[in-house]
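Remarks on the overall topology
Below, each chain spelled out in residue letters.
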Amino acid sequence: MTEILYGVFVGPFRDMAGSPAFLVEVLLGGVATGLMYSLVALGFVLIFKASGVFNFAQGVMVLFAALTLVGLMERGVPVAVALVMTMAVMVGLAFLIERVVLRPLVNQEAIILFMATIGLNFFLEGFGEMVWGANVKKLDVGIPDRSFIVAGVQINQLEMSAAATAAVLVAILAVFFQRTRIGRALRAVADDHEAALSIGIPLKTIWLIVWSVAGLVAIVAGIMWGAKSGVQFSLSLVALKALPVLILGGFTSVPGAIVGGLIVGVGEKLGEVYWGPLVGGAIENWFAYVIALVFLLFRPQGLFGERIIERV
Amino acid sequence: MTAEAAGPLLEVEGVSVRFGALLALSGVSLNVQRGEILAIIGPNGAGKTTLLNVISGFYHPYEGRILFEGRDRTRLSPPDVAELGVARTFQNVALFKGMSVLDNLMTGRLLKMGGHFLLDAIWWGPARRQELANRAFVERVIDFLEIQSIRKTPAGKLPYGLQKRVELGRALAAEPKLLLLDEPMAGMNVEEKEDMSRFILDVNGEFGTTIALIEHDMGVVMDISDRVAVLDYGRKIADGPPEHVRKDAAVLDAYLGAGHD
Amino acid sequence: MIYREAGQYWLQAVLIPFLIYSMAAIGLNLLTGYAGQLSLGTGGFMAVGGYAAFKLTTAFPWLNIVVVFALAGVIAALVGLVFGVPSLRIKGFYLAVATLAAQFFLIWLFNKVAWFTNYASSGTITAPPRTVAGVMVTGPLATAGARYVAALGLVMLGALVAKNLVRGRIGRSWMAIRDRDIAAEIIGVRPLRTKLLAFGISSFYCGVAGAEYVFLYLGSAETLAFDIGLSFLVLFMVIIGGLGSILGSFLGAAFIVLVPIFLTNVPHMLHLPLPVALQKQIELMVFGGLIIFFLIVEPHGLARLWQIAKEKLRLWPFPH
């Protein structure tokens with residue numbers, strides 16, 4: 001018994017204090033993974049805020065974007081051109097989704113739209129793999145996967161570049177939402193559809209824009225993840241972790257998605273490294289979900305979510 | 001009759017409701033007497049629906065009390081309020097769209113039905129008997145409202161006027177002591193309004209059901225109500241028999257005046 | 001002889017999984033189609049049923065296997081409630097996330113804790129031989145026919161009970177919450193209690209289906225058999241078969257079982273065999289596309305189409 005208590009409450013902290021450089025490495029790794037979660041969650045929040053659609057397919061959009069990019073590059077298209085083409089594909093995809101899936105389902109129950117995005121999820125997965133092949137692919141966009149040591153801490157250049165990219169993207173999106181006319185309209189539409197219409201932007205345009213932006217965010221997430229661990233199906237599964245991230249951060253909050261992603265990323269790395277061995281490891285798969293579940297009990301609206309007020 | 005039973009069915013005492021900075025109701029007091037039809041009127045945004053929502057337990061006042069049959073019921077949830085014998089309809093019709101008219105009405109009787117769910121799983125025996133007994137009552141409501149022909153139609157497929165009628169039926173199926181109607185005639189043509197007025201008067205007359213309703217059509221209000229209460233900007237500005245309220249200067253000023261521009 | 005083998009193939013590869021999937025689909029349909037709540041953890045709760053049945057029948061070998069299945073369902077229902085309580089208090093998609101948590105956590109648990117497999121070095125659980133009324137229905141010696149009859153009996157019973165629940169007061173309270181929760185509350189439906197009942201009963205069905213999955217179909221299984229893919233497969237059955245329809249649960253299960261067989265056999269007959277990977281991808285696209293199609297065009301799915309066809313046939317050759 002005392003052994004278990006020691007293992008849970010003392011041992012891990014002794015280990016942390018014993019090797020601070022290693023702790024920093026773990027933390028950095030967690031931040032890098034967490035930013036990826038943030039990116040997926042961000043795409044999710046964008047769509048949820050503007051259209052109230054709980055887009056289960058966000059993870060597959062990441063996979064689809066990465067598959068498209070790799071597929072084009074494998075066929076000899078230069079990186080820059082492939083990137084532009086992938087962006088065009090994602091915008092085209094947003095257009096099709098709005099036309100084929102969302103428009104016929106407008107005013108339907110939220111759960112119906114949610115299930116429709118599950119259908120979309122599997123359609124895209126099958127389609128992407130049929131077009132680009134199902135085998136694991138290496139994505140090389142020119143960032144070397146090298147590590148160097150600063151003050152005794154091993155730092156991976158790829159992870160740091162990814163983190164920096166994510167940070168820049170998040171900043172751009174924040175500016176977009178706060179400072180531009182469309183961005184403000186998008187925020188307005190989340191609160192009140194009519195208010196957005198009075199700004200003069202039709203709802204379908206707004207949907208097209210958010211799905212496109214979510215698609216572009218998916219490209220960035222896809223590149224970073226693909227560069228790190230190869231482009232493969234598991235990408236879409238890992239991206240499901242955006243869901244617990246959203247519970248932590250609140251479904252409608254951009255900063256919430258970012259902070260939530262970081263908490264989940266760092267939390268599960270710490271958990272895995274320091275507490276995982278106690279229970280046989282591999283807890284990364286569910287740790288985030290269980291944290292989110294515990295969170296639900298105490299703060300259901302998330303860290304930054306708006307309080308849920310119902311109108312009758 | 002005991003003293004308690006003789007008192008008002010519902011007493012609202014100095015109730016205030018606040019949404020953020022907005023004071024939706026401020027110090028509203030109102031009684032509903034047994035057996036009467038009370039109309040609550042007032043311009044848009046006066047707090048009428050908020051008042052119904054407070055009574056049915058969706059919002060809780062930050063100030064004031066609500067008494068039902070003389071007992072404090074201020075902090076109850078909607079299902080608790082339903083158990084006391086309060087039923088209501090909604091301004092924008094809140095039917096169960098995927099269910100048939102019959103099932104909507106049977107759902108209205110849920111509180112009259114009980115038993116363990118395992119009995120329902122077996123069905124034969126108590127569950128079936130209970131279903132049949134309640135079905136018999138619902139058929140009476142269906143006859144009363146003259147909706148026999150649409151019994152099996154999904155509620156969502158009905159025209160608006162009929163949906164309002166079915167929603168009334170769902171509330172009646174619960175055999176409520178107090179029936180709250182939120183604009184039962186909104187969006188109806190003259191003929192439908194006449195039908196609905198007749199149903200409301202019959203419910204009150206035949207079953208002795210106490211009714212509080214919100215309505216905009218002043219003609220209807222004057223015709224069917226025993227008493228009228230007027231709200232404006234979250235306050236009650238008048239309360240009395242229709243003919244008195246009609247002549248009340250404050251009402252003419254605030255309500256009818258505001259209604260004209 | 002050949003006919004007999006063909007019969008065995010149909011029982012083992014088509015009919016038995018069809019019946020078991022139907023059981024799981026009925027369970028999920030009660031929750032999603034009737035009560036309007038989404039679960040993505042069907043596979044996890046089926047795993048609870050499978051492992052619970054294994055532990056029970058190895059610990060108490062004298063216990064009738066049908067009782068074991070029922071108890072496995074009860075255990076799955078209890079586990080379901082643990083995940084349902086925090087998430088069903090709030091409106092929205094929280095149950096979907098909570099059940100996803102259940103899916104990943106439960107599979108991890110059964111994988112890591114050797115107690116669940118009775119410390120088998122292979123990490124698999126194997127159905128021991130058990131009889132019902134003197135006939136062997138599980139274990140290596142049970143014939144496909146016996147297992148089929150057992151699965152058929154169970155799913156018939158399950159469908160009957162489900163039908164009884166949904167046609168009365170319980171079903172109406174579920175549908176009321178699904179269609180208009182605010183109106184339901186004012187009628188006296190208590191949302192948390194009602195949704196928990198739906199989730200508990202749904203998990204019970206999934207648990208029984210999971211026990212059948214191991215004992216009547218696979219014979220032995222590891223956690224991989226219950227991964228998240230299974231959760232989605234059952235969800236597809238419910239949507240394609242028809243939300244809010246017991247019959248639809250059967251039709252959806254049949255459809256999902258038959259599509260891969262169709263994709264394997266038909267191109268073969270046409271001498272255009274599909275590569276396995278391509279077949280899998282087409283399957284995903286067909287399922288995904290059909291889900292969107294049915295949600296848009298006919299949310300009552302195959303069950304509604306079946307109904308329409310039946311009415312048309314009854315009147316045929318007259319138009320009305």
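Residues numbered from 1 in each chain as written. Chains lettered and ligands numbered in written order. Predicted model: local features only at pLDDT ≥ 70, side-chain atom pairs only at ≥ 80, totals over all residues.

With that out of the way, let us pick up the overall build of chain B. For chain B, the count of helices and strands is 11 helices and 10 strands. Here chain B has a C-alpha radius of gyration of 19 Å; the compact-globule value for 261 residues is 18 Å, and the two agree. Each of the three principal axes of chain B carries a C-alpha extent, and together these read 60 × 40 × 40 Å. Looking at chain B as a whole, 43% of its 261 residues qualify as buried. Counting only contacts in chain B whose residues sit at least 6 apart along the sequence, the fraction spanning at least 24 positions is 67%. (Helix = DSSP H or I, 4+ residues; strand = E, 2+ residues; numbered from the N terminus. Rg over C-alpha atoms; globule rule 2.2 N^0.38 Å. Buried ≥ 20, exposed ≤ 12 C-beta atoms within 10 Å, placed from the backbone. Contact = placed C-beta atoms within 7 Å.)

Residue and element names in this part refer to chain B. Each assigned domain of chain B is listed with its residue range as follows: domain 1 (1-85 + 177-261) and domain 2 (95-175). Once you take the C-alpha centre of each, domain 1 and domain 2 turn out to be 26 Å apart. Every contact between the two is made by nine residues of domain 1 and, on the other side, eight residues of domain 2. Secondary-structure elements contributing two or more residues to the side of domain 1 that touches domain 2 are α3 (78-84) and α8 (190-207). At three residues, the largest contribution of residues to the side of domain 1 that touches domain 2 is made by α8. (Domains from an automatic or database assignment.)

Moving on to the confidence of the model for chain B. Residues and elements named next belong to chain B. Averaged over all residues, the pLDDT of chain B is 89; the fraction at 70 or higher stands at 95%. Mean pLDDT per element in chain B: helix α1 (residues 3-6) is the minimum at 55, and helix α4 (residues 101-108) is the maximum at 96. Note on the complex model: pTM 0.90, ipTM 0.91. (pLDDT = per-residue confidence, 0-100.)

Okay, the interface of chain B and chain C next. The partner chain C presents 22 residues to the 28 residues of chain B that form the contact. Going through the elements one at a time, α3, α4, α5 (117-122) and α6 (126-145) of chain B are the ones with two or more residues in the side of chain B that touches chain C. Along the lines of polarity and charge, the residues of the side of chain B that touches chain C split into 18 nonpolar, four polar and six charged. (Nonpolar A, V, L, I, M, F, W, Y, C, P; charged D, E, K, R; others polar.)

Residues and elements named next belong to chain B. The antiparallel open sheet is built from four strands, whose spatial order is β2-β1-β4-β5. With one partner strand each, in any of the chains shown, β2 (22-32) and β5 (71-72) form the two edges of the open sheet. Relative to β2, strand β1 (residues 10-19) is paired through seven bridges, and the arrangement is antiparallel. Among the inter-strand pairings, R18 is bridged to a residue of β2, identified as L23. (Pairing = 2+ DSSP bridges.)

It is worth spelling out the environment of L179 of chain B at this point. All names here are of chain B. The topology assignment puts L179 in strand β7 (residues 178-182). For the pair L179 and L213, spaced 34 residues apart in the sequence, the C-alpha separation amounts to 8.1 Å. Setting aside anything within four residues of it in sequence, one finds L179 in contact with A87, A171, T209, T210 and I211.

Our next topic: helix α2 (residues 20-51) of chain A. For α2 of chain A, built from 32 residues, the straight-helix expectation of 46 Å at 1.5 Å per residue is met to within 8% by its first-to-last C-alpha distance of 45 Å. Remark: G52 of chain A follows α2 of chain A within two positions and exhibits a positive phi of approximately 70°. (Expected span 1.5 Å × (residues − 1).)

Here the focus is the interface of chain A and chain C. Contact residues are listed per partner, giving 38 residues for chain A and 32 residues for chain C. Contributing elements (two or more residues each) for the side of chain A that touches chain C: α5 (110-132), α11 (242-249) and α13 (284-298) of chain A. Broken down by element, the residue count for the side of chain A that touches chain C peaks at 16 residues, all from α5 of chain A. Looking at the side of chain A that touches chain C residue by residue, the classes come out as 31 nonpolar, five polar and two charged.

Counting 287 residues, the largest nonpolar core has A66 of chain A together with A101 of chain C as the members making the most contacts within it. Looking at which domains feed residues into this core, each of domain 1 (1-85 + 177-261) and domain 2 (95-175) of chain B supplies at least three. The residues touching A66 of chain A, leaving out its near neighbours within four places in the chain, are L139, G222, I223, W225, G226, V231 and L235 of chain A. (Core = buried A, V, L, I, M, F, W, Y, C linked by C-beta atoms within 7 Å.)

Residues and elements named next belong to chain B. Summarising burial for strand β8 (residues 210-214): five of the five residues are buried, a large majority. Side chains T210, A212 and I214 project from β8 onto one buried face, and the interleaved I211 and L213 project onto a second face that is buried too. Bridging between strand β3 (residues 37-41) and β8 involves four bridges; their strand directions are parallel. For I40, the partnering residue across the bridge sits in β8 and is I214. Judged from the five bridges that link them, β7 and β8 form a sheet pairing that is parallel. When the bridges of β8 are listed, L181 appears paired with L213. As for the winding sense of the linkage, the β-α-β connection from β7 through α8 to β8 is right-handed. (Right-handed = clockwise from strand over helix to strand, strands pointing away.)

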